[in-house]
Amino acid sequence: MHEWALADAVVTTAKKVAKEENLKEITEIVVKIGELQTISREIFDTALQEVMKDQPDLLKNVTCTLKIEPAAFKCRNCQHQWLFADVKASLDDDETESIHFIPETAHVFLKCPECKSPDFEIIKGRGIWVDSIVGEK
Amino acid sequence: MDPRVNVIEDRLKEVKKIIAVAGGKGGIGKSTIASVLALILAKAGHKVGLLDLDFTGASTHTILGFKDFSFPDEDKGIIPPKYHNISYITIENFVESHAAPLRGEDATNAILELLAITRWDELDFLIIDMPPGINDTTLDIIRFIKRIQFCIITTPSKVTIDVVKRSLELLKDLDIPLFGIIENMTYPSEPVAEKIFPEHFIGTIPYDETYESAIGNPERIKESSIANTLVNFTKFCEKMC
């Protein structure tokens, strides 16, 4: 996922939760990200700082933690399981960039290492969740 | 909570009308009509976006002759490349000519990702080319884009009309606005949709034997009888402009 879009989405979500829960201040946001989203922590931090410049006071003391979940696949054809980390190096730069923009393109560029089927399940390490938001009323 | 869902409305806030071109069956001209609509609206001076969500059968790029499959520019998200004055996003930008075998959940995630990262900015119309049938993509679009309107394409065939009836029932149940119904490929059979769906009928597009040879050439498509017919739909234009 694009890091700036992610930072914007996280801050937008935090403000929405603050409104729903009547929070006057948000102190911590924990975001879980699937490895397949191929987010750079450094770029995300830079994007988050930029997004935070125009935000209300309720976010002025917030810390945001990213937890990256390793991605794993299971072949629907032969049941073989493998990790994204094991095959990442086989992707060229354009393929890596495609997966960065749209993680589901992994189905285009990756195949089961055992039977070569593209019909595999992403069993973990996909998507983004705001795991927790801590604040004060 | 998936934070991507919360930014979609913001990404589309400067888009005046969002129209999904859909239909119950494949091969009835959804992609053609979505592409031609985008071309003629852009030609008329409107700011137009075209989003191809038919991931497994993307074809608007073939119809439009789009061949620049480089990644979109980035600036606080991705910026749709301009093609014939259309802001255009297709999965082909990311997979080029490779097959994209996405199952339902994968397609849902890909739609969510595209809607969350794409900066459409100011548009008069965003035309969405939908895959055939009522499926995950239809339900996703209804869930993610609250202002969506559907333009349903049919043919005179009983088979297509029957599926359209069921599609309309679903849209009505879900309280989703119907932009209208277009009957495509009518000649030489008799037009039928107007009698069956008088309230929502926009018009009839006769079968155009010359269209196939215009595919890939936007200038010729803009002059095709399909384009001329779409431009001339009074009811359609009143609603669109």
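Please refer to the structure placed before this passage.
The sections below set out a description of the structure shown in this document. All figures in this text were calculated on a predicted structure; none of them were measured in a lab.

So, how was this worked out
- All chains use their own residue numbering, which begins from 1 and follows the written sequence.
- For naming, the first written chain is A and the first written ligand is 1, with later ones following in the order written.
- Where local features are concerned, this predicted model is filtered to residues with pLDDT of at least 70; where side-chain atom pairs are given and counted, the filter is 80 or more; whole-chain, interface and lining totals use all residues.
- Numbering of helices and strands runs from the N terminus; a helix is a DSSP stretch of H or I covering at least four residues, while a strand is a stretch of E covering at least two.
- Computation of the radius of gyration draws on C-alpha atoms, with the globule rule given as 2.2 Å multiplied by the number of residues to the power 0.38.
- With C-beta atoms placed from the backbone, the exposure class of a residue follows from how many other C-beta atoms lie within 10 Å of its own: 20 or more, buried; 12 or fewer, exposed; in between, partly exposed.
- Whether two residues are in contact depends on their C-beta atoms, placed from the backbone: they are in contact if these lie within 7 Å.
- Any residue that is not Ala, Val, Leu, Ile, Met, Phe, Trp, Tyr, Cys, Pro, Asp, Glu, Lys or Arg is counted as polar, Gly included; the first ten are nonpolar and the last four charged.
- DSSP-based pairing: two strands are paired if at least 2 bridges between them are found.
- Note on geometry: axes are C-alpha line fits, over the in-contact stretch for helices, and angles between N-to-C directions span 0 to 180 degrees.
- When describing relative orientation, an angle under 35 degrees is termed roughly parallel and one over 145 degrees roughly antiparallel, while 65 to 115 degrees is termed roughly perpendicular and anything else oblique.
- The sense of a crossing depends on the near helix, which, turned anticlockwise from the far helix by less than a right angle, makes the crossing left-handed and, turned clockwise, makes it right-handed.

**As for the overall build of chain B**
Now for step 1: Helix and strand counts for chain B come out as 12 helices and 10 strands.
Now for step 2: Compactness check: chain B gives a C-alpha radius of gyration of 17 Å against a globular reference of 18 Å for 241 residues, within 12% of the reference.
Now for step 3: By its C-alpha atoms, chain B is 50 × 40 × 35 Å across when sized along the principal axes.
Now for step 4: A buried classification covers 48% of the 241 residues belonging to chain B.
Now for step 5: Relative to all contacts within chain B whose residues are 6 or more apart in sequence, the contacts with residues 24 or more apart total 74%.

**Description of the overall build of chain A**
Now for step 1: Counting its secondary structure elements, chain A contains 5 helices and 6 strands.
Now for step 2: For chain A, the sequential pattern of α-helices and β-strands runs α-β-α-β-β-β-α-α-α-β-β.
Now for step 3: Along the longest, intermediate and shortest principal axes, the C-alpha atoms of chain A span 55 × 25 × 15 Å.
Now for step 4: In chain A, which comprises 137 residues, the proportion classed as buried is 39%.
Now for step 5: Within chain A, contacts between residues at least 6 apart in sequence are counted, and of these 81% link residues at least 24 apart.

**What about the interface of chain A and chain B?**
Now for step 1: On the side of chain B, 25 residues touch chain A, which itself brings 26 residues to the contact.
Now for step 2: Contributing elements (two or more residues each) for the side of chain A that touches chain B: helix H1 (3–21), helix H4 (93–101), helix H5 (106–109) and strand E6 (128–136) of chain A.
Now for step 3: A total of 8 residues in the side of chain A that touches chain B trace back to one element, the largest contributor, which is H1(A).
Now for step 4: Split by residue class, the side of chain A that touches chain B holds 13 nonpolar, 7 polar and 6 charged.

**What to know about the sheet that holds strand E9 (residues 178–184) of chain B**
Residue and element names in this part refer to chain B.
Now for step 1: With mixed pairing, the 8 strands of this open sheet are ordered in space as E5-E6-E2-E7-E1-E8-E9-E10. Of all the strands in the sheet, the pair left with one neighbour each is strand E5 (82–83) and strand E10 (201–205).
Now for step 2: Direction of pairing for strand E1 (residues 15–22) relative to strand E7 (residues 123–129): parallel, over a ladder of 6 bridges. Across the sheet, the residue bridging to Ile19 is Ile127, located in E7.

**Here's the deal with the packing of H1(A) against helix H2 (residues 41–52) of chain A**
All names here are of chain A.
Now for step 1: Look at H1 against H2: their axes get within 8 Å of each other, and the N-to-C directions meet at 50°. The orientation of H1 relative to H2 falls into the category oblique. For the pair H1 and H2, the sense of crossing is right-handed. Contact residues: Glu3, Trp4, Leu6, Ala7, Asp8 and Val11 in H1; Ile43, Phe44, Ala47, Leu48, Val51 and Met52 in H2.
Now for step 2: By residue class, the composition of the contact of H1 with H2 is 10 nonpolar, no polar and 2 charged.

**A short note on unusual backbone geometry**
Now for step 1: Here the phi dihedral of Asn22(A) falls at roughly 55°; this positive angle occurs in a residue that is not glycine.
Now for step 2: Here Asn22(A) is to be found in the loop between H1 and strand E1 (25–34).
Now for step 3: With 8 C-beta atoms packed within 10 Å, Asn22(A) lands in the exposed category.
Now for step 4: The phi dihedral of Asp121(B) falls on the positive side, at around 55°, and the residue is not glycine.
Now for step 5: Relative to the elements of secondary structure, Asp121(B) occurs in the loop between helix H5 (104–117) and E7.

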